[in-house]
Amino acid sequence: MNLDRCCVHTITTKPWGLSEAVENYAAAGIKGISVWQNAIEGIGPHRAGELIRSAGLEVVSYVRGGFFPHTSSTERAKAIDHNRKLLEEAAALGAPLIVLVCGASPDQSLDVSRQQIRDGIEAVLPLAEKLNVKLAIEPLHPMYAADRSAINTLKQANDMAETFSSAHVGVAVDVYHLWWEPNLQGEITRCGANGNLLAYHVCDWKVNTLDLLNDRGLMGEGCIDLRQIRQWVEETGFKGFCEVEIFSNIYWQQDQHEFLKKITDAFVAHV
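Residues numbered from 1 in each chain as written. Predicted model: local features only at pLDDT ≥ 70, side-chain atom pairs only at ≥ 80, totals over all residues. Heavy atoms only, no water.

J.: Go over the overall build of the protein with me, naming the residues and quoting the values.
T.: Regarding its fold elements, the protein presents ten helices and eight strands. In terms of overall size, the protein behaves like a compact globule, its C-alpha atoms giving a radius of gyration of 17 Å where 271 residues would be expected to give roughly 18 Å. Its C-alpha atoms give the protein principal-axis dimensions of about 45 × 40 × 35 Å. Buried positions account for 55% of the 271 residues belonging to the protein. For the protein, contacts bridging at least 24 residues in sequence account for 79% of all contacts bridging at least 6. Total accessible area on the protein stands at roughly 11000 Å², and carbon and sulfur atoms take up 50% of it. Placing the 24 positive and 34 negative side-chain charges of the protein at their respective mean positions leaves the two points 2 Å apart. (Helix = DSSP H or I, 4+ residues; strand = E, 2+ residues; numbered from the N terminus. Rg over C-alpha atoms; globule rule 2.2 N^0.38 Å. Buried < 20%, exposed > 50% of the residue type's maximum accessible area, 1.4 Å probe, protein only. Contact = heavy atoms within 4.5 Å. Areas by Shrake-Rupley, 256 points an atom, 1.4 Å probe, with all protein chains shown as cover. Lys, Arg positive; Asp, Glu negative; His and termini not counted. Charge placed at Lys NZ, Arg CZ, Asp CG, Glu CD.)

Here it is as structure tokens:
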């Protein structure tokens, strides 16, 4: 696979600021960039969008909204207000979608958290539709169910997205979180058939991982069948970017130019 559909998340090369990331991504032949909120601090979304487009890159997504569940109604209202702010920023940036890491609270049941996620999406959806920014529900691996996301399978994400019947609510499929899921092919097919497959994220699962959050692998470095999953995704008609999203204490400590070369090589060889 060439780099025509390669997108890199700014968090992947965390030591670089946005300007440096944009310059180096473009020079490497990468075509897309997904922007994390911290990357626009001090620049602002308008200027960030201009910087990205002037380099010939496409803004693929804005990361990350969500974190709706709380035991406190005041905190839930704050989360909704924060997501509305993020939607405004995404629109100013020129991002077509915002990724939702939906959240969870260890002080309440998963069912309650899931209902609060649904309520939160419902509350911000009118603004998303007005701004024409899509909301991509990202299911997270069950190891994050206590405090990061009560949406832990693609089936759950599909179920929730389908309750809205809105073109502005869909799903982000991340192989790190979903590679293990029973009937993954069927759920990917279902997601695409309903027009809900909005984003596709890649990295790899290292068998002897050192940190379940910050030790993701380069593509080809772990046990995920990336070619098979990409085939299932593309069989739905998905023609979007394959977004490289790697959290790695190991790679963040390395020379980022060398790391970026490893990313592009791995993308071509394994994605």
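J.: Provide a residue-level description of the nonpolar core, including the pertinent values.
T.: With 81 residues, the main nonpolar core has Ile121, Leu135 and Ile137 as its most contacted residues. The biggest single contributor to this core is helix H4 (residues 110-131), with six residues. Aside from chain neighbours lying at most four places away, what touches Leu135 is Leu87, Ile98, Leu100, Ile121, Val124, Leu125, Ala128, His168, Val169, Gly170 and Leu198. In this structure, Ile11, Trp36, Leu97 and Ala136 belong to the second largest nonpolar core, which totals eleven residues. (Core = buried A, V, L, I, M, F, W, Y, C linked by side-chain atoms within 4.5 Å.)

J.: Account for unusual backbone geometry, naming residues and giving values.
T.: Glycine aside, the phi torsion of most residues is negative, and most peptide linkages are trans. Between Val63 and the following residue, Arg64, the backbone shows a cis peptide bond with an omega angle of 10°. Here Arg64 shows up in strand S3 (residues 58-66). The phi torsion at Phe67 lies on the positive side, around 50°, for a residue other than glycine. On the basis of relative accessibility, which here comes to 27%, the residue Phe67 falls in the partly exposed class. Positive phi, close to 50°, is recorded for Ser165, a residue that is not glycine. Mapped onto the secondary structure, Ser165 falls in the loop between helix H5 (154-164) and strand S6 (169-174).

J.: Quick rundown of the environment of Arg230? Include the residues and the values.
T.: You can see Arg230 is positioned in helix H8 (residues 226-235). In this structure, the C-alpha to C-alpha distance between Arg230 and His201, residues 29 residues apart in sequence, is 10.0 Å. Discounting chain neighbours no more than four positions away, the residues touching Arg230 are Met1, Tyr200, Cys242 and Val271.

J.: Account for the side chain of Arg216, with residues named and values stated.
T.: Within the secondary structure, Arg216 is located in the loop between strand S7 (197-202) and H8. One polar contact links the side chain of Arg216 to the main-chain carbonyl oxygen of Glu245, over a distance of 3.2 Å. Residue contacts for Arg216: discarding those within four places in its chain leaves Asp174, Tyr176, His177, Cys203, Asp204, Lys206, Glu245, Ile246, Phe247, Ser248 and Tyr251. (Polar contact = N/O pair within 3.5 Å; in protein donor to acceptor, adjacent residues only side chain to side chain.)

J.: Break down the pattern of salt bridges for me, citing the residues and quoting the values.
T.: Under the definition given, this model contains 16 salt bridges. Salt-bridge contacts for Lys78 lead to Glu75; the nearest nitrogen and oxygen are separated by 3.4 Å. Taken together, the positions of Lys78 and Glu75, both in helix H3 (residues 73-93) and three residues apart, correspond to about one turn of that helix. Here Lys261 ties to Asp265 by a salt bridge, and the two come within 2.8 Å at their closest N and O atoms. (Salt bridge = Lys/Arg side-chain N within 4 Å of Asp/Glu carboxyl O.)

J.: Describe in detail empty space enclosed by the protein, supporting the description with residues and values.
T.: All told, the structure shown has one cavity of 30 Å³ or more when counted by the stated rule. The space that makes up the largest cavity amounts to roughly 130 Å³. For the largest cavity, the lining is made up of 15 residues, of which Arg64, Val101, Leu140, Arg216 and Phe247 are closest to its centre. Looking at the lining of the largest cavity residue by residue, the classes come out as eight nonpolar, two polar and five charged. (1 Å grid on protein atoms, 1.4 Å probe; cavity = no way out; pocket = protein on both sides within 12 Å on 5 of 7 lines; lining within 4 Å. Points joined across faces, edges and corners; volume = space filled by probe spheres on them. Nonpolar A, V, L, I, M, F, W, Y, C, P; charged D, E, K, R; others polar.)

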